[in-house]
Amino acid sequence: MAAERGVAIVTGASSGIGEATAECLAAEGFAVVAAARSRDPLETLAARIERAGGRALAVPTDVADEAACRALVDRAFEAFGRVDLLVNNAGFSLSAALEQMSRDDLRRTFEVNLFGGLQLTGLLVPLMRAQGGGRVVNISSLASRVPAPLAVAYAATKGALESATDCLRLELAPWNIEMCLVVPGFVKTPVFDKAKEWGEFLRNDPDNPYRQLMFDLEEFAYGQLEHAIEPRAVGEVVALAATAASPRARYYVPFSARMQSGFMRTIPVSLRDRILARVYKMG
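Since the model is a prediction, treat every value here as computed from it, not as a measurement.

Reading the values: the criteria
- Residues numbered from 1 in each chain as written.
- Predicted model: local features only at pLDDT ≥ 70, side-chain atom pairs only at ≥ 80, totals over all residues.
- Heavy atoms only, no water.
- Helix = DSSP H or I, 4+ residues; strand = E, 2+ residues; numbered from the N terminus.
- Rg over C-alpha atoms; globule rule 2.2 N^0.38 Å.
- Buried < 20%, exposed > 50% of the residue type's maximum accessible area, 1.4 Å probe, protein only.
- Contact = heavy atoms within 4.5 Å.
- Areas by Shrake-Rupley, 256 points an atom, 1.4 Å probe, with all protein chains shown as cover.
- Lys, Arg positive; Asp, Glu negative; His and termini not counted.
- Charge placed at Lys NZ, Arg CZ, Asp CG, Glu CD.
- 1 Å grid on protein atoms, 1.4 Å probe; cavity = no way out; pocket = protein on both sides within 12 Å on 5 of 7 lines; lining within 4 Å.
- Points joined across faces, edges and corners; volume = space filled by probe spheres on them.
- Nonpolar A, V, L, I, M, F, W, Y, C, P; charged D, E, K, R; others polar.
- Pairing = 2+ DSSP bridges.
- Axes fitted to C-alpha atoms, helices over the stretch in contact; angles between N-to-C directions.
- Salt bridge = Lys/Arg side-chain N within 4 Å of Asp/Glu carboxyl O.
- Phe/Tyr/Trp six-rings, centres within 6.5 Å; stacked < 30°, edge-to-face > 60°.
- Lys NZ or Arg CZ within 6 Å of the ring centre and 35° of its normal.

## A look at the overall build of the chain
In step 1: Each helix and strand counted, the chain has 11 helices and 7 strands in total.
In step 2: For a compact globule of 283 residues, the expected C-alpha radius of gyration is about 19 Å, and the chain comes in at 19 Å, within 12% of that figure.
In step 3: When burial is assessed residue by residue, the chain has 48% of its 283 residues classed as buried.
In step 4: Within the chain, contacts between residues at least 6 apart in sequence are counted, and of these 73% link residues at least 24 apart.
In step 5: By element, 54% of the accessible surface of the chain is carried by carbon and sulfur atoms, the whole surface being about 13,400 Å².
In step 6: The average position of the 31 basic charges and that of the 33 acidic charges among the side chains of the chain differ by 5 Å.

So, in structure tokens, the structure goes:
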């Protein structure tokens, strides 16, 4: 039996924004299907939600795998009989220059950040249509709006996700399937540490022409993280988008993220690039 608000699938739920979102949605009355690659954190999260009086199901899932995405949707319907909300949060980032990334690196980034979420949405559309509607909340990033070096693939996936969300809002409106986008600024999540860990071999290579830039960007990122928002702040906004009678197309977290996005899109590109080059210590 579904919970009071219905049933929500949340990807990338083992930590950070996804974990916080699952807890916020459970507090709002959703039964939560928590998906991520790591089983133990998911089961810990599900147990915590259950102890608090909610309903949760842990489904280990690699959203880069097509069969795993199908299995996730099937498992959710087997357990609850419907899905009212999908939160596409799973994210993956590599800190490297484009020339240092293999085709597999690029493919993995797109599979996790874009293709998995689009596939899950596509799988749920006929099911949501049959039940009278539903809602999809996609988690983007300010990185799609504020350019940065060594973030080509990540930014490209988030920009594509935003465009897809806008197209799907029109495509799915006839069936009462609503699309929302949440755009966070800097958030205290493990994504930066994971990206740093992956690129360790590049930072240790004295012949890497991007080595100093990597150090400077790392210093910049960790400086921003000192004042970054907590994942729960994003989770609360996702819950707001999930429960609003008439959800907005875009939600920014915090409000300053909206101001940054607007500023970067209104100034001339040449001026924007000069400002960002200075910020990133590129001369």
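## As for empty space enclosed by the protein
In step 1: Considering all chains together, one arrives at 1 cavity of 30 Å³ or more under this definition.
In step 2: In this structure, the largest cavity encloses a volume near 70 Å³.
In step 3: Lining the largest cavity are 13 residues, and of these Asn88, Asn89, Ala90, Val112 and Asn113 sit closest to its centre.
In step 4: Only helix 4 (103-131) and helix 5 (152-172) provide two or more residues apiece to the lining of the largest cavity.
In step 5: With 5 residues, the top contributor of residues to the lining of the largest cavity is helix 4.
In step 6: Grouping the constituent residues of the lining of the largest cavity by class yields 6 nonpolar, 6 polar and 1 charged.

## Let's talk about the sheet that holds strand 3 (residues 55-60)
In step 1: Across the sheet, 7 strands lie side by side as 3-2-1-4-5-6-7; this open sheet has parallel pairing. This sheet does not close on itself; its edge strands, each paired only once, are strand 3 and strand 7 (250-253). Within this sheet the neighbouring strands show an average axis-to-axis angle of 15 degrees, counted without direction.
In step 2: In terms of strand pairing, strand 1 (residues 6-11) meets strand 2 (residues 30-36) through 6 bridges, oriented parallel. Opposite Gly6, over in strand 2, you have Phe30 as the bridge partner.
In step 3: Across the face of the sheet, helix 1 (residues 16-27) comes into contact with strand 1, strand 2, strand 4 (85-88) and strand 6 (177-184) while running at roughly 170 degrees to strand 1.
In step 4: Each of strand 1, strand 2 and strand 3 is contacted by helix 3 (residues 66-80), which is oriented at about 155 degrees to strand 3, the strand it contacts most.

## Thoughts on the pattern of salt bridges
In step 1: If you walk through the whole model with that rule in mind, you get 19 salt bridges.
In step 2: Arg48 is the salt-bridge partner of Glu23, the closest N and O atoms lying 2.6 Å from each other. Of this pair, Glu23 sits in helix 1 while Arg48 is found in helix 2 (residues 39-51), placing the two residues 25 residues apart along the sequence.
In step 3: Residue classification places Glu23 among the partly exposed positions, given a relative accessible area of 24%.
In step 4: On the accessibility criterion, Arg48 (26% relative accessible area) is partly exposed.
In step 5: One network of salt bridges, in which partners are shared, links Arg145, Glu162, Asp166, Arg169 and Arg250.

## Details of the packing of aromatic side chains
In step 1: In the structure shown here, the tally under the stated rule is 3 aromatic pairs.
In step 2: The interplanar angle of 80 degrees and the centroid separation of 6.2 Å between the aromatic rings of Phe186 and Phe220 together place this pair among those described as edge-to-face. One end of the pair, Phe186, is in the loop between strand 6 and helix 6 (191-198); the other, Phe220, is in helix 8 (residues 211-225), and 34 residues separate them in sequence.
In step 3: Judged by its relative accessible area of 25%, Phe220 falls in the partly exposed class.
In step 4: Taking the centre distance of 5.5 Å and the plane angle of 85 degrees together, the rings of Phe220 and Tyr280 count as edge-to-face. Linking Phe220 in helix 8 with Tyr280 in the segment after helix 11 (269-279), this pair joins segments that are 60 residues apart in sequence.
In step 5: Using a relative accessible area of 7% as the deciding quantity, one classes Tyr280 as buried.
In step 6: One Lys or Arg, Arg108, reaches over the ring of Phe92 and ends 5.9 Å from the middle of that ring.
In step 7: One cation-aromatic arrangement involves Arg129 over Trp175; the distance from NZ or CZ to the ring centre is 5.0 Å.

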